[in-house]
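# Summary of structural features
What follows is each chain in one-letter form.
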Amino acid sequence: MDKGIILLAAGGTGGHLFPAEALAHELKATGYSVHLVTDSRAERFTGKFPADEIHVVPSATIGSKNPVKLAQSVWKLWTGLRAARRLIARLKPRAVVGFGGYPTVPPLLAATGMGIPSIIHEQNAVMGRANKMLASRVKAVAGGFLPEGTGAFAAKTVATGNPVRPAVLNAAGVPYAPAAGDAPFHLVVFGGSQGAQFFSKAVPQAVCRLDDTLRQRLKVTQQARPEDREGVIAVYEKLGVPAEVSPFFTDMAGRIASAQLVICRSGASTVSEISVIGRPAILVPYPYALDHDQAANAAALAAKGGARVIAQVELSAERLAGILADAMSNPDALAQMAAGARQTGKPDAARLLALLVEAIASGSTVAKFKETRS
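Now for a description of the structure that goes with this document. (Residues numbered from 1 in each chain as written. Predicted model: local features only at pLDDT ≥ 70, side-chain atom pairs only at ≥ 80, totals over all residues. Heavy atoms only, no water.)

### Focus: the overall build of the chain
For the chain, the count of helices and strands is 15 helices and 13 strands. In summary, the chain has a C-alpha radius of gyration of 21 Å against a globular reference of 21 Å for 374 residues, a match within 12%. Overall, the chain is about 65 × 50 × 35 Å in size when its C-alpha atoms are taken along their principal axes. Taking all 374 residues of the chain together, 55% fall into the buried category. (Helix = DSSP H or I, 4+ residues; strand = E, 2+ residues; numbered from the N terminus. Rg over C-alpha atoms; globule rule 2.2 N^0.38 Å. Buried < 20%, exposed > 50% of the residue type's maximum accessible area, 1.4 Å probe, protein only.)

### A few points about the layout of surface pockets
Here the second largest pocket is characterised by a volume of approximately 230 Å³. Taken together, 17 residues line the second largest pocket, and the ones lying closest to its centre are Gly144, Phe145, Thr344, Gly345 and Lys346. When contributions to the lining of the second largest pocket are tallied by element, the ones reaching two or more residues are α10 (268–277) and α11 (293–302). The biggest single contributor to the lining of the second largest pocket is α10, with four residues. Of the residues contributing to the lining of the second largest pocket, the split by class is seven nonpolar, eight polar and two charged. (1 Å grid on protein atoms, 1.4 Å probe; cavity = no way out; pocket = protein on both sides within 12 Å on 5 of 7 lines; lining within 4 Å. Points joined across faces, edges and corners; volume = space filled by probe spheres on them. Nonpolar A, V, L, I, M, F, W, Y, C, P; charged D, E, K, R; others polar.)

### Considerations on the pairing of strand β1 (residues 5–9)
Within β1, five of the five residues are buried, leaving the element largely enclosed by the surrounding structure. Side-chain alternation along β1 places Ile5, Leu7 and Ala9 on one buried face and Ile6 and Leu8 on a second face that is also buried.

### A word on the pattern of salt bridges
Within this structure, the stated rule accounts for 12 salt bridges. Arg165 serves as the salt-bridge partner of Glu273, at 3.1 Å between the closest nitrogen and oxygen. A residue pair is termed long-range when its members are at least 10 positions apart, and Glu273 in helix α10 and Arg165 in the loop between β7 (157–159) and α5 (166–171) qualify at 108 residues. The same class applies to Glu273 as to Arg165, namely buried. Of the charged contacts in the structure, one is a salt bridge between Glu227 and Arg225, with a shortest N-O distance of 3.3 Å. Residue classification places Glu227 among the exposed residues on the basis of a relative accessible area of 56%. The class of Arg225 is partly exposed, set by a relative accessible area of 29%. The network of salt bridges with shared partners includes Arg225, Glu227 and Asp228. (Salt bridge = Lys/Arg side-chain N within 4 Å of Asp/Glu carboxyl O.)

### What to know about the pairing of strand β2 (residues 33–38)
The buried count for β2 comes to six of six residues, which makes it a mostly enclosed element. Side chains Ser33, His35 and Val37 project from β2 onto one buried face, and the interleaved Val34, Leu36 and Thr38 project onto a second face that is buried too. Strand direction decides the pairing type here: β1 and β2, joined by five bridges, are parallel. Within the sheet, the bridge partner assigned to Leu8 lies in β2 and is Leu36. As a crossover connection, the stretch from β1 through helix α1 (residues 14–29) into β2 is right-handed. (Pairing = 2+ DSSP bridges. Right-handed = clockwise from strand over helix to strand, strands pointing away.)

### Focus: unusual backbone geometry
A negative phi holds for most residues other than glycine; trans holds for most peptide bonds. Unlike most non-glycine residues, Lys92 shows phi in positive territory, near 50°. As for its position among the elements, Lys92 is in the loop between α2 (67–91) and β4 (95–98). Given the relative accessible area of 63%, Lys92 is considered exposed.

### Some details on the packing of aromatic side chains
Each aromatic ring pair is characterised by the separation of its centres together with the angle its planes make. For the structure shown, the criterion picks out two aromatic pairs. An angle of 80° between the planes, with centres 5.6 Å apart, marks the rings of Tyr286 and Tyr288 as edge-to-face. Take Tyr286: its relative accessible area is 18%, and that puts it in the buried class. Judged by its relative accessible area of 59%, Tyr288 is exposed. Over the ring of Phe18 we find Arg165, and its NZ or CZ is 3.8 Å from the ring centre. (Phe/Tyr/Trp six-rings, centres within 6.5 Å; stacked < 30°, edge-to-face > 60°. Lys NZ or Arg CZ within 6 Å of the ring centre and 35° of its normal.)

### Some remarks on α2
Relative to the 36 Å expected for 25 residues at 1.5 Å per residue, α2 spans 36 Å between its end C-alpha atoms, a close match to the ideal helical length. Where α2 is concerned, the buried positions are Ser73, Leu77, Gly80, Leu81, Ala83, Ala84, Leu87, Ile88 and Leu91. Lys92 sits one or two residues past α2 and shows a positive phi near 50°. (Expected span 1.5 Å × (residues − 1).)

### A closer look at the packing of α2 against helix α3 (residues 105–113)
In a packed pair of helices, the relevant descriptors are the angle between the two axes and the axis-to-axis distance. For the pair α2 and α3, the least separation of the axes is 8 Å and the interaxial angle reads 55°. By the angle between their directions, the pair α2 and α3 is classed as oblique. As α2 runs across α3, the sense of the crossing is right-handed. Counted together, Leu77, Gly80, Leu81, Ala84, Arg85 and Ile88 of α2 and Val105, Pro106, Pro107, Leu109, Ala110 and Ala111 of α3 form the full contact between these two elements. (Axes fitted to C-alpha atoms, helices over the stretch in contact; angles between N-to-C directions. Parallel < 35°, antiparallel > 145°, perpendicular 65-115°, else oblique. Left-handed = near helix turned anticlockwise from the far one by under 90°. Contact = heavy atoms within 4.5 Å.)

### Some details on the sheet that holds strand β13 (residues 307–309)
Judged by pairing direction, the sheet is parallel, and its six strands sit side by side in the order β10-β9-β8-β11-β12-β13 without closing on themselves. Each edge of the open sheet is held by one strand with a lone partner, namely β10 (243–246) and β13. Along the sheet, successive strands turn relative to each other by an average axial angle of 15°, direction set aside. As paired elements, strand β11 (residues 261–264) and strand β12 (residues 281–283) share three bridges and run parallel to each other. Within the sheet, the bridge partner assigned to Cys264 lies in β12 and is Leu283. Helix-sheet contacts for helix α6 (residues 196–208) involve β8 (185–190), β9 (218–223) and β11, and the interaxial angle to β9 is about 165°.

See the structure below:
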């Protein structure tokens, strides 16, 4: 039975698109058609996105103080708003759900202006700029790490958790395997669309400083920018360390599941996926995040003992080498971290968010939705 169309809007990065993809799978399974509005950056992520159709609507950030650039951004937003109105008038969605990022602004402004039930999902512990702009206009705010009972929008905030993709749920079925003795040790390193550059220098330098006995056990999967890839590969080849290095892995959930330790940034989707899969992690918050949201996300996982958080400025190659050596020599401690990470995971977040979307699309309120959950 076709229940109608739900229109999802998300910025073109994995952090925005992955939770949207997870919700799309859940909605499709319950009988909805799903359309996606995003931007051209999303091309490498949308191959597996279960949308009936993907739409690109013009949008722009308004961050420049240059009057010419500011005027260009405003014009592009106005153009995007008109395009979004035409799209919504044609599709007649039952609800519109935004996942953050500037491409969500035109469709959510259009939807709220046209009286379409609308929701935003904020992945991080600190609300991003686009969602802050939209929060007062929508019917509900779903939160990955947002606290439910506090803040300016507490009355309409629901702590759903961050939806994770089916691949992550499948990977969560793989138990953690401590690497004791001389067993191979799989290290997975990634930095997202921002921030991989630091790891491309720091991790190979740290591996250089390990004792030969430890280095011989090591196997590395590492995300690196295209311009850094060859240099990273060259270091690992010189050291004799088996390594797969690429700008993007389509099977990252499975690689995380096979890891004994993960070193990564602490974007909301990353922290959520590591938690659901249950793997020990060294989290290095991206220091240039506008709202320092990554530090807040990392703190949520570290509080349960599932990760160790280290500021980038404090993470020298020598210190990282010491951390790696200690981790490789203490499999029981890593197993405890893995268990702590799993305790914080919310594998049912997509289902809960889908229920919220269905409730709002049917004319219910957040207050009534919370009553049905209690």
